[in-house]
Amino acid sequence: MTRLLITGVSGLLGINLAMEATREHEVIGVDRGKLKSAPFQVLRADILKMDEINSTLDATNPNWMVNCAALANLEKCEADPLQARNLNTDLPGELATLCAKRNIHFVHISTDSVFDGTREGAYTEEDEPSPPGVYSQTKLDGERVVEQANPQAIIARVNFYGWSLGARRSLAEFFVNNLSEGKNVNGFTDVIFCPMWVNHLSRLLIEMLKKNLHGLYHVVGAQPMSKYQFGVEVARTFGLRENLISPQSVERSGLTAKRSHNLWLSTHKLSTDLEHEIPRFSTGLDGFYTQFQQSYPQKIRGYQHLETF
Ligand SMILES: NC(=O)c1ccc[n+]([C@@H]2O[C@H](COP(=O)([O-])OP(=O)(O)OC[C@H]3O[C@@H](n4cnc5c(N)ncnc54)[C@H](OP(=O)(O)O)[C@@H]3O)[C@@H](O)[C@H]2O)c1
């Protein structure tokens, strides 16, 4: 049985990847004390200390490692660029080096926002990135150190939504939470992105590992849309009031970190190498809604220590 080690397993991607992978593989998650009684093994370690990571690798001997730990909040990255660099650049570089030495297939999770979004149409893996802020710059630097240290690694630029432990991490949760309470929210009409259901992303990452792919891939949804349109789609699927969402420009949002206007990424390379189409947006949103009906959000929240609620 293939053994998968996931760092940052308490995050939005980490927990959902672990839940997907545990159906077929042996999963070991590494966290810093948030999880209890999850349906996979959880080890506590400080991933910023390489001796702790080395002992974890000695003890577990994984075949694959996916690093889901990051400082992924754009505003926090602007406020603390040093921490952003530690987590988004230096840590992936160190992990990639260790994995290369130990022959562990490593996956580095990057971001769609390495592009400044000033061009029209879709960005491919060949296009030169031009990161607009601290988060995207440190993520791009992470890609480069990983590629240098471990050419066999997969570098996946992603954008995804799903249910998180804290119920507030993804844009879809933002719309569901607020619209369910009858609150008015804004939806950006001038930010185009390609959202993917986190379970689809998780399945694709596992498939890429099984196929032994390496190098840079765009692993995002196949359908570009505005954040406003995404909110409307979520509202319709959940039977919530879409007229509570006001169309607005991101330039009027008051957010401190600069956002790119066009994050339409081509998935042509991925679908070619996997020899099938990327899952449809509507299939992903239906899956997200089915999880809601089946109390999946409550289930994963039950894996946390009580004091972290
Ligand atoms: N969400 C998106 O749509 C999106 C878009 C583009 C790219 N990405 C990328 O996807 C990856 C996963 O993102 P996510 O949304 O799942 O992030 P997330 O929910 O914020 O999770 C981040 C994870 O990193 C861990 N972490 C943060 N600081 C740490 C530290 N100092 N020491 C140890 N662990 C630490 C967190 O642990 P705690 O729970 O203990 O804090 C958590 O497990 C990241 O690389 C992100 O850049 C995400």
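Residues numbered from 1 in each chain as written. Predicted model: local features only at pLDDT ≥ 70, side-chain atom pairs only at ≥ 80, totals over all residues. Heavy atoms only, no water.

1. Points about the site of the ligand
Around the ligand lies a shell of 24 residues, among which Ser10, Arg32, Lys34, Tyr135 and Lys139 are the nearest. The contact in question runs from an oxygen atom of the ligand to an N or O atom on the backbone of Leu13, over 2.8 Å. Within the side chain of Tyr135, one N or O atom sits 2.6 Å away from an oxygen atom of the ligand. Contact with the protein chains removes 86% of the 900 Å² of surface that the ligand exposes when unbound. The set of elements that each furnish at least two residues to the shell around the ligand consists of helix 1 (12-21), helix 4 (81-102), strand 5 (105-111) and helix 5 (134-149). In terms of residue count, the dominant contributor to the shell around the ligand is strand 5 (3 residues). (Near = heavy atom within 4 Å. Polar contact = N/O pair within 3.5 Å; in protein donor to acceptor, adjacent residues only side chain to side chain. Areas by Shrake-Rupley, 256 points an atom, 1.4 Å probe, with all protein chains shown as cover. Helix = DSSP H or I, 4+ residues; strand = E, 2+ residues; numbered from the N terminus.)

2. Some details on the pairing of strand 1 (residues 3-7)
Every other side chain in a regular strand lies on the same face of the sheet, so the side chains alternate between the two faces. Within strand 1, 4 of the 5 residues are buried, which leaves the element mostly enclosed by the surrounding structure. Two elements, strand 1 and strand 2 (residues 26-31), share 5 bridges in a ladder whose sense is parallel. In the strand pairing of strand 2, Leu4 is matched with Val27. As a crossover connection, the stretch from strand 1 through helix 1 into strand 2 is right-handed. The pairing of strand 1 with strand 4 (residues 64-67) spans 4 bridges and is parallel. (Buried < 20%, exposed > 50% of the residue type's maximum accessible area, 1.4 Å probe, protein only. Pairing = 2+ DSSP bridges. Right-handed = clockwise from strand over helix to strand, strands pointing away.)

3. Details of the environment of Val30
Within the fold, Val30 resides in strand 2. Separated by 101 residues in the primary sequence, Val30 and Pro131 have C-alpha atoms spaced 29 Å apart. With sequence-adjacent residues up to four places away left out, Val30 is seen in contact with Leu5, Ile6, Thr7, Gly8, Val9, Leu43, Ala45, Ile47 and Thr56. (Contact = heavy atoms within 4.5 Å.)

4. A few points about the side chain of Thr56
For Thr56, the position within the fold is in helix 2 (residues 50-60). From its side chain, Thr56 meets the backbone oxygen of Glu52 in a polar contact 2.7 Å long. Those residues in contact with Thr56, other than ones at most four positions away along the chain, are Leu5, Val30, Leu43 and Ala45.

5. Comments concerning the state of the cysteines
Under the counting rule described, the total for this entry stands at 0 disulfides. For Cys99, which is in no disulfide, the shortest distance to another cysteine sulfur is to Cys68 and amounts to 13 Å. Of the residues examined, Cys99 reaches a relative accessible area of 0% and is grouped as buried. (Disulfide = S-S within 2.5 Å.)

6. Topic: helix 1
Along an α-helix, residues three or four apart share an orientation, since each turn contains 3.6 residues. Within helix 1, 10 of the 10 residues are buried, leaving the element largely enclosed by the surrounding structure. Listing the buried residues of helix 1 in full gives Leu12, Leu13, Gly14, Ile15, Asn16, Leu17, Ala18, Met19, Glu20 and Ala21.

7. Points about the side chain of Ser226
Among the structural elements, Ser226 can be located in strand 12 (residues 225-226). Among the polar contacts listed, one links the side chain of Ser226 to the backbone nitrogen of Gln229, at a separation of 3.0 Å.

8. Considering the packing of aromatic side chains
Using the criterion set out here, one finds 15 aromatic pairs in the structure. When the ring of Phe115 is compared with that of Tyr123, the centres are 4.1 Å apart and the planes differ by 10°; the resulting orientation is stacked. This pair shows no difference in class: Phe115 is buried, exactly as Tyr123 is. Between the aromatic rings of Trp163 and Phe238, the centroid separation amounts to 6.3 Å while the plane-to-plane angle is 70°, which identifies the pairing as edge-to-face. Within this pair, whereas Trp163 is found in the loop between strand 7 (160-161) and helix 6 (171-180), its partner Phe238 is found in helix 8 (residues 227-238), the two being separated by 75 residues in sequence. Note on accessibility: Trp163 and Phe238 belong to one class, buried. Chaining the aromatic ring pairs together yields one cluster made of Tyr161, Trp163, Phe174, Phe175, Phe193, Phe230, Phe238, Phe281, Phe288, Tyr289 and Phe292. One residue, Lys227, lies across the ring of Phe193, its end atom 4.9 Å from the ring centre. (Phe/Tyr/Trp six-rings, centres within 6.5 Å; stacked < 30°, edge-to-face > 60°. Lys NZ or Arg CZ within 6 Å of the ring centre and 35° of its normal.)

9. Notes on the environment of Leu57
In this fold, Leu57 is placed in helix 2. On the basis of relative accessible area, Leu57 is assigned to the buried category, the value being 1%. A sequence separation of 127 residues divides Leu57 from Asn184, and the C-alpha atoms of the two residues are 47 Å apart. Apart from residues no more than four positions distant in its own chain, Leu57 is found in contact with Leu5, Pro62, Met65, Leu98, Arg102 and Ile104.

10. Observations concerning the environment of Ile15
Its location among the elements puts Ile15 in helix 1. Contacts of Ile15, omitting those with residues within four sequence positions, involve Val9, Leu35, Phe40, Leu165, Ile300 and Tyr303.

11. Let's talk about the sheet that holds strand 11 (residues 215-219)
Within the open sheet, the 7 strands sit side by side as 3-2-1-4-5-6-11. Their pairing is parallel. Across the chains shown, the open sheet's two edge strands, defined by having one partner strand only, are strand 3 (41-44) and strand 11. Averaged over all pairs of adjacent strands, the angle between their axes in this sheet comes to 20°, without regard to strand direction. Each of strand 1, strand 2, strand 4 and strand 5 is contacted by helix 1, which is oriented at about 165° to strand 1, the strand it contacts most. Strands in contact with helix 4 are strand 1, strand 4 and strand 5; relative to strand 5, the strand with the most contacts, it is inclined by about 165°. (Axes fitted to C-alpha atoms, helices over the stretch in contact; angles between N-to-C directions.)

Keep in mind these numbers describe shape, not what the thing actually does.
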